[in-house]
Amino acid sequence: GAGVSQSPSNKVTEKGKDVELRCDPISGHTALYWYRQRLGQGLEFLIYFQGNSAPDKSGLPSDRFSAERTGESVSTLTIQRTQQEDSAVYLCASSSPGQALMAPYEQYFGPGTRLTVT
Amino acid sequence: AQSVTQPDIHITVSEGASLELRCNYSYGATPYLFWYVQSPGQGLQLLLKYFSGDTLVQGIKGFEAEFKRSQSSFNLRKPSVHWSDAAEYFCAVGARRDDKIIFGKGTRLHILP
């Protein structure tokens, strides 16, 4: 089946504009994650959705960042009043129940959205 | 809260040489451990995972990793690297089901011809 998809693949925006990044997870995956990866850096956790539970927003760097998820489907990451330091690749991952009882889910990653703020 | 440390930011090895990438975790209970690879211009791909049982786990592309509880480590190894192994490698740790998975900052592997 189809993997995780993200759109757009590339986004160039002017400083101060708002942007929306979209993630379509694998069908049936209950968990969805957003990460930020700055050039040459590791993965920075942003937000985590799990089923109908309240999302874990502990990684969002400022109140300019927000994310929504409709049920167990598509998610949108919104960055308001973009700044140059927001330039990065934004990765989305989804996961499904693992084979081991009580084991965390392994993640399947999308190709990412490369955001450039000029 | 769980955490994971990859002490080496960059590693350079010659093609055909053996490889070991280090990963240390911190968690009070049994961790669930993963290694992912990110090749240039590619998305992240799962190499292998440890949930329970045999502490030596085999993954794709000839990689293996060994869970050592006494050392809180989950090092990734390969007997003989190929030029195509040049990539960024991420170790990740999870706790119980429904918890988020925490990634290390990554180790960038360079291969000398």
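As a reminder, the structure under discussion sits directly above these lines.
Residues numbered from 1 in each chain as written. Chains lettered and ligands numbered in written order. Predicted model: local features only at pLDDT ≥ 70, side-chain atom pairs only at ≥ 80, totals over all residues. Heavy atoms only, no water.

Our next topic: the packing of aromatic side chains. In total, this model carries 15 aromatic pairs over all chains according to the counting rule given. On the numbers, 6.1 Å between centres and 15° between planes, the contact of Tyr33 of chain A with Tyr35 of chain A is stacked. When its relative accessible area of 0% is taken as the criterion, Tyr33 of chain A is described as buried. Ring plane angle 35° and centroid distance 5.8 Å describe the contact between Tyr35 of chain A and Phe109 of chain A, whose orientation is recorded as tilted. Taken together, the residues span a long stretch of sequence, with Tyr35 of chain A in strand β4 (residues 31-37) and Phe109 of chain A in strand β9 (residues 107-109) at a distance of 74 residues. Its relative accessible area of 1% is what places Tyr35 of chain A among the buried residues. With relative accessibility at 11%, the residue Phe109 of chain A sits in the buried group. The rings of Tyr33, Tyr35, Phe45, Tyr48 and Phe109 of chain A together with Tyr32, Phe34, Tyr36, Phe51 and Phe103 of chain B are connected pair by pair, giving a single aromatic cluster. (Phe/Tyr/Trp six-rings, centres within 6.5 Å; stacked < 30°, edge-to-face > 60°. Buried < 20%, exposed > 50% of the residue type's maximum accessible area, 1.4 Å probe, protein only. Helix = DSSP H or I, 4+ residues; strand = E, 2+ residues; numbered from the N terminus.)

Moving on, we come to the pattern of salt bridges. Using the criterion set out here, one finds eight salt bridges over all chains in the structure. The partner of Asp24 of chain A in a salt bridge is Arg22 of chain A, with the nearest N and O atoms 2.8 Å apart. On the basis of relative accessibility, which here comes to 24%, the residue Asp24 of chain A falls in the partly exposed class. Salt-bridge contacts for Arg22 of chain B lead to Asp8 of chain B; the nearest nitrogen and oxygen are separated by 2.9 Å. Here Arg22 of chain B, found in the loop between β3 (19-21) and β4 (24-26), pairs with Asp8 of chain B, found in the loop between β1 (3-5) and β2 (10-14); they are 14 residues apart in sequence, far enough to count as distant. Owing to a relative accessible area of 38%, Arg22 of chain B belongs among the partly exposed residues under this scheme. (Salt bridge = Lys/Arg side-chain N within 4 Å of Asp/Glu carboxyl O.)

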